[in-house]
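Chain and residue survey
So the chains spell out like this:
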Amino acid sequence: MAETAEGVIGKDVARIDGARKVTGAASYGSDFALPDQTYAFLVTSTIARGRIRHIDETAARRVPGVIGIYTHRDIAGKVKAGKLMADGGYLGTSIQPLTSPDILHDGQIVAVVIGESFESAREGAYRLDVAYERQPASASFDDASVETVAASEASKTHEDPKVGDAETAFQQAALRIDVSYSTPTQHHNPIELFTTLCHWSDGKLTVWESSQNVWGYKYGLAEQLGIDPNDIRVLSPFIGGAFGSRGSLTPRTAIIAEIARQLGRPVKLVPTRDQGFTIATYRAETRHHVKLGATPDGKLVSLSHEAWEVTSRPDNYMVSGTKATTRLYQCPNIYSKVSITHADRNTPGFMRSPPELPYLFALESAMDELAVATGIDPIELRRINDTQVEPIKGLPYTSRSLMACFDAGAKAFGWHERNPKPGAMRDGDWLVGWGCASTMYPTAVAPAAAKVRLMPDGKAIVQTAAHDIGTGAYTVIGQVAAERLGLPLANIEVQIGDSDLPPAPVAGGSNTTASVCNVVAKACDRLRQQLFQQSNAASATDISGMPLDAVLNDLPKDGIEAYAENLPHGTTQEGIGKLYHGHSMLAGGSELKDRIQFAFGAEFVELRIHRLTKEIRCSRLIGAFACGRIVNPRTARSQLMGGLIWGLSSALHEETEIDQASARYYNDDLAEYLIPVNADVREVEVIFVPEEDKAINDLGIKGLGELGNVGTNAAVANAVYHATGFRIRDLPIRLEDLLAVES
Amino acid sequence: MKPSLYFRPTNLQEALTALSANSWSVLAGGTDFYPARLGKPLEENVLDVSAIDGQEKISFNDGRWRLSLQATWSDLIADNRLPARFDGLKRAAREVGGVQIQNRATICGNLCNASPAADGIPNLLALDAQVELMSLQGRRTLPIADFVKGNRRTFRREDELVTALLVPDSGRPARSVFLKLGARKYLVISIVMVGAVLELAEDSRIVSARIAVGACSPVAQRLPLLEEGLIGRRLETALADMVHERHLAPLAPIDDVRGTADYRRDAVITLLQRSLTELAR
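Within chain B one finds ten helices and 14 strands. By the compact-globule yardstick of 19 Å for 281 residues, chain B fits well, its C-alpha radius of gyration being 19 Å. Expressed along its principal axes, the backbone C-alpha trace of chain B runs to roughly 60 × 45 × 30 Å. Looking at chain B, you have 36 positive and 33 negative side-chain charges, and the mean spots of the two groups are 2 Å apart.

The next subject is the overall build of chain A. Each helix and strand in chain A was counted, giving 19 helices and 28 strands. In terms of overall dimensions, chain A is globule-like: its C-alpha atoms have a radius of gyration of 26 Å, near the 27 Å expected for 743 residues. The dimensions of chain A, computed from C-alpha atoms along their principal axes, are 75 × 75 × 50 Å. Once local pairs closer than 6 in sequence are excluded, the contacts in chain A between residues at least 24 apart make up 81%. Element-wise, carbon and sulfur atoms account for 49% of the exposed surface of chain A, whose accessible area totals about 25,400 Å². A gap of 1 Å separates the mean positions of the 72 positive and 90 negative side-chain charges of chain A.

This part is about the interface of chain A and chain B. Taken residue by residue, the interface counts 25 residues in chain A and 26 residues in chain B. Here chain A and chain B share an interface that buries about 2,300 Å² over both sides, 58% of which is from carbon and sulfur atoms. Put simply, Glu615 of chain A and Arg274 of chain B hold a salt bridge, and the shortest N to O gap is 3.0 Å. At the boundary of chain A and chain B, one finds six residue pairs in polar contact (both at pLDDT 80 or more). Examining the composition of the side of chain A that touches chain B, we find that four residues originate from one element, helix α4 (residues 118-127) of chain A, more than from any other.

Below, the discussion takes up the packing of aromatic side chains. All names here are of chain A. Taken as a whole and judged by the stated rule, the model has 23 aromatic pairs over all chains. Here the aromatic rings of Phe406 and Phe604 are separated by 6.1 Å at their centres, their planes lie at 75°, and the arrangement is edge-to-face. Here Phe406, found in helix α13 (residues 402-413), pairs with Phe604, found in strand β24 (residues 598-610); they are 198 residues apart in sequence, far enough to count as distant. A residue is classified by how much of its surface remains accessible, and Phe406, at 0% relative accessible area, is buried. For Phe604, a relative accessible area of 0% translates into the label buried.

A word on the domain arrangement of chain A. Residue and element names in this part refer to chain A. You can read the domains of chain A as domain 1 (45-135 + 194-270), domain 2 (148-186 + 283-443 + 593-742) and domain 3 (445-588). The distance between the C-alpha centroids of domain 1 and domain 2 comes to 36 Å. Each side of the interface is counted separately: domain 1 has 19 residues, and domain 2 has 18 residues. Across the interface of domain 1 and domain 2, roughly 1,400 Å² is buried in total on both sides, 55% from carbon and sulfur atoms. Where domain 1 meets domain 2, there are two salt bridges.

Residues and elements named next belong to chain B. Of the strand pairs in this sheet, strand β4 (residues 58-61) and strand β5 (residues 64-68) are connected by four bridges, and their pairing is antiparallel. Among the inter-strand pairings, Phe60 is bridged to a residue of β5, identified as Trp65. In this antiparallel pair of consecutive strands, β4 and β5, the connection spans two residues, and Asp62 shows a positive phi of 50°.

All names here are of chain A. With twelve residues, helix α7 (residues 214-225) should cover 16 Å at 1.5 Å per step; its first-to-last C-alpha distance of 16 Å lies within 8% of that length. Most of α7 sits inside the fold, with eleven of its twelve residues counted as buried. Among all positions of α7, only Val214, Trp215, Gly216, Tyr217, Lys218, Tyr219, Gly220, Leu221, Ala222, Gln224 and Leu225 are buried. Structurally, α7 contributes buried residues whose contacts are with β9 (196-201), β10 (204-208), β11 (232-235), α8 (251-263) and α17 (574-579). Looking one or two residues beyond α7, the residue adopting positive phi is Gly226, at roughly 70°.

Next up on the list: the sheet that holds strand β8 (residues 175-183) of chain A. All names here are of chain A. Spatial ordering of the open sheet is given by β7-β15-β14-β13-β8, a layout of five strands whose pairing is mixed. What marks the edges here is a single partner per strand, and that holds for β7 (147-150) and β8. This sheet shows a mean twist of 15° between the axes of neighbouring strands, independent of strand direction. Summarising the sheet, β8 and strand β13 (residues 286-294) pair through nine bridges and their orientation is antiparallel. By the bridge assignment for β13, Ser182 is matched with Arg287.

With that settled, the discussion passes to empty space enclosed by the protein. Taking a probe equal in size to a water molecule and rolling it over the atoms shows the remaining empty space. Enumeration over the complete set of coordinates arrives at nine cavities of 30 Å³ or more. Forming the walls of the largest cavity are 13 residues, and the residues nearest its centre are Glu672 and Leu674 of chain A together with Ala183, Val257 and Arg258 of chain B. Counted by class, the lining of the largest cavity contains seven nonpolar, one polar and five charged residues. Of the voids in this model, the second largest cavity is the one considered here, and its volume is about 90 Å³. Residue lining of the second largest cavity: Glu615, Ile616, Arg617, Leu652, His653, Ile733, Arg734 and Leu735 of chain A together with Gly182 and Ala183 of chain B, and that is the complete set.

With that settled, consider the environment of Gln212 of chain A. All names here are of chain A. Within the fold, Gln212 resides in the loop between β10 and α7. Along the primary structure Gln212 and Pro184 are separated by 28 residues, whereas in three dimensions their C-alpha atoms are 25 Å apart. With near-sequence residues (within four places) excluded, Gln212 lies in contact with Ala242, Phe243, Gly244, Ser245, Arg246, Gly247, His467, Ile469, Pro505, Val506 and Ala507. Polar side-chain contacts of Gln212 include one of 3.4 Å to the backbone nitrogen of Ser245.

Residues and elements named next belong to chain A. The final tally for this structure, using the stated rule, is 59 salt bridges over all chains. Glu574 serves as the salt-bridge partner of Lys578, at 3.9 Å between the closest nitrogen and oxygen. Of this pair, Lys578 and Glu574 both sit in helix α17, four residues apart, which is roughly one turn of the helix. For Lys578, a relative accessible area of 32% translates into the label partly exposed. The exposure class of Glu574 is partly exposed, given its relative accessible area of 48%. Ionic contacts of the salt-bridge type, sharing partners, join the residues Asp368, Glu369, Arg727 and Arg729 into one network.

Counting 86 residues, the largest nonpolar core has Leu292, Phe604 and Leu607 of chain A as the members making the most contacts within it. Excluding residues within four positions of it along the chain, Leu607 of chain A makes contact with Leu431, Val432, Gly433, Ile616, Arg617, Cys618, Ser619, Leu652, Val716, Ala719 and Val720 of chain A. Counting residues in hydrophobic clusters, the runner-up holds 50 residues, among them Leu67, Leu142, Ile144 and Ala212 of chain B.

Residues and elements named next belong to chain B. Per the domain assignment, the segments of chain B are domain 1 (6-48), domain 2 (59-168) and domain 3 (174-280). Every contact between the two is made by 14 residues of domain 1 and, on the other side, 14 residues of domain 2. Summing both sides of the interface, domain 1 and domain 2 together bury roughly 1,200 Å²; the carbon and sulfur share of this comes to 65%. Counting across the interface, domain 1 meets domain 2 through zero salt bridges. At the surface where domain 1 touches domain 2, the tally comes to two residue pairs in polar contact (both at pLDDT 80 or more). By residue number, the principal contributor to the side of domain 1 that touches domain 2 is helix α1 (residues 12-21), which donates seven residues.

Reading the values: rules and limits
Residues numbered from 1 in each chain as written. Chains lettered and ligands numbered in written order. Predicted model: local features only at pLDDT ≥ 70, side-chain atom pairs only at ≥ 80, totals over all residues. Heavy atoms only, no water. Helix = DSSP H or I, 4+ residues; strand = E, 2+ residues; numbered from the N terminus. Rg over C-alpha atoms; globule rule 2.2 N^0.38 Å. Lys, Arg positive; Asp, Glu negative; His and termini not counted. Charge placed at Lys NZ, Arg CZ, Asp CG, Glu CD. Contact = heavy atoms within 4.5 Å. Areas by Shrake-Rupley, 256 points an atom, 1.4 Å probe, with all protein chains shown as cover. Buried area = accessible area lost by both parts, 1.4 Å probe. Salt bridge = Lys/Arg side-chain N within 4 Å of Asp/Glu carboxyl O. Polar contact = N/O pair within 3.5 Å; in protein donor to acceptor, adjacent residues only side chain to side chain. Phe/Tyr/Trp six-rings, centres within 6.5 Å; stacked < 30°, edge-to-face > 60°. Buried < 20%, exposed > 50% of the residue type's maximum accessible area, 1.4 Å probe, protein only. Domains from an automatic or database assignment. Pairing = 2+ DSSP bridges. Expected span 1.5 Å × (residues − 1). Axes fitted to C-alpha atoms, helices over the stretch in contact; angles between N-to-C directions. 1 Å grid on protein atoms, 1.4 Å probe; cavity = no way out; pocket = protein on both sides within 12 Å on 5 of 7 lines; lining within 4 Å. Points joined across faces, edges and corners; volume = space filled by probe spheres on them. Nonpolar A, V, L, I, M, F, W, Y, C, P; charged D, E, K, R; others polar. Core = buried A, V, L, I, M, F, W, Y, C linked by side-chain atoms within 4.5 Å.

Below is the structure:
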């Protein structure tokens, strides 16, 4: 496809929705209000496993303003449980509360109290008396009653990548690393709470809820409520953070919709922060056993990655990051195996870089251990094992600039000044540690549709049911349309986040920019073609650079419109059918038959660890990334910077702590679930390494939303080792892990 | 369900009358009150003292500073009249939550809530502050150490209201400090805190020393042995070397989610050394 001369793609333009956001004009899910709306407050279970024995509503009903109490007695039979997204459904869990008195996890919804005001609903909820029949609950891996199964047995589609004979090669290897790692439970905690507002009018349901998947929500709700999807509209124009937590439908939405139907009035739910820990999804804890065998000069001869993930009792949710870790380096003998452990927990779900974050923490820490064992510089070790062909099936990468990222990052960081000896670099009482790690994230592109309408005044409206989860989707979609139509960016109005618009995939797997920009470009090109054909202003074969001014006057009063669908490489016609049923057919990463597509980067961390108190402070974070064509360097930098900070947070702070006896979370608030504050984050630098990938898609775009937070975890752990000589293999790394460091 | 009362008196007499007649939970800024009651129905009477007027928030009279029950952390931070002995308490004020919390939360409320990790208490101990309590029976004062009974418990009688904190000011040159250690840099519950006030003679010799440690015992504790050892010494950075494990006798740190007892014991020594080094600079 040729481009117009405008050159808006790749320009560092400010967000087109920025003014609306800072002036409060942008309405987020929680901002919507309707006349005559009622307020819902959730009551959640105080046990993790058992049954509701009895519910006494007397005291709650006496609270002035309470107008309804809904329990399984009112909802069972009216709302169906749904299937997991991974199983072809739309939900993040198959556990549907209020369909029976059974409790399958901590904080499961057991009742919804409806009031004329938020306060009356809350007071009613506080006074609802729920008695339970409590059964012993298994919290996690170490509980005797959990059930662990191989992923290949749990799921027919699961594959454990392997090649050669890893075990024999490991036994014969000159150098061997044989280590275990773990990562904790984490929660997304988007600032916007898990709000839902439902309203019925003439048998049609409208849902206002921040969502990364409005078409998926529409179809999922239709299935759960037993109604026609065409009678449902889901609106999500602005989203106060998501990170995967709003990608699949959660059970609350159908419950609130059903209550609104029974009540005949709009119902608005704003759950509390702590309820958000149990009514939505989370990143489950993982364990890893990594074995690396290498020659004395650092060449990998064996790589084995075995991992375990926690999930709920009924669901086989898994992230299986071995798809990435078995393909990062050249190695002739590779073994991998994933198992899942069923515990009495809610079903986990997507959280920024779901597979890559925990799995690359393990592999990239192990690579650093190998670097120490071989005495080879960590960057050089990666160069020795770099490849342009993935080792499992021998497929070529569409592009891979890993070492270019390391070189650019190392230069900016001053890596050559690093004294490799642990504890050798000091600044007064502070031990200085420098660590680095690779980062990678699959580039997936999904079928999408878009509509563009051009008006006689030279303004254009772009419509697609995509989502801006704070990343800048409005802006990059606008930039592509401006360039392709040959109009100033200010003339483009972008409409997204509405299931009445042409379908777009879930905002997950970092696919939005690639999927949606390509289809918008297609719709714009089609529109120009129609325009010039109609006007006879130019031959239809050479219209790319033609200004629109000449033809605008000929347009009808309501303009002209073009519609496009896009089937990216690796998808089939079936993908379009799925798209119109709320399913996203993401194709890419390691799933393609003919090639492999990932974005890469190198991340560098400088830590200072106080020799007496062992406080860990991060003084510098640098990431160098190669992710194809950058549509907007400003929003891209912002995302990667956010990713680096997230990675730091994940490495040093974040952990949802679970009481092993009761299987309940106990730090379910932002005072005790730690994330860094501004004062914890000093220097952060994002470097773009130029990369042109013509094969990956028409516009050459790779996803980058999740790339930033992957490698940071290992880079931090590697820096801790460099500063202290202590290898911490369990995240998060806290000061108490370093007490034994000699002062 | 017994109905609970909410009362927001506009003068002290109304408040004291109410306290004598009924049992109340006293609410000032509400920043500790609210989060402690999430998920539970309010089944207590609430006496909101935020509207009582006629009290100057921070004043000086007869050699004593008076911080009234409505003085917030932000009021303290903004008050330029306060002498150097308040510098530590001001630094603690900047660590009490974010600015929005500092604008609402009161110094007296922080004390009455009596959390072992309350940021304000070590420096109030180091300032030798007295608590002023009023009831219909009259007025009495208690030293801070005699006011805080234990974890979230005080010796305030049910009919009494804490009306002010009184801080003596000898007028001598003084230096003070507050140091806090948390898992991150800011907005974090303390693992260990140190508050200290030293009064100095003209030749820089230490005339009086008060050093208190928070979050290492149910109630923040002063360290008398260390204080005695400092008196008469010249204030210089070498004093940091004096700090010894035996000075920590009054402390009883526990293992919790924020840190182990061993770590706290180790960290408090470092914080004490840093405090003395900073005071000498």
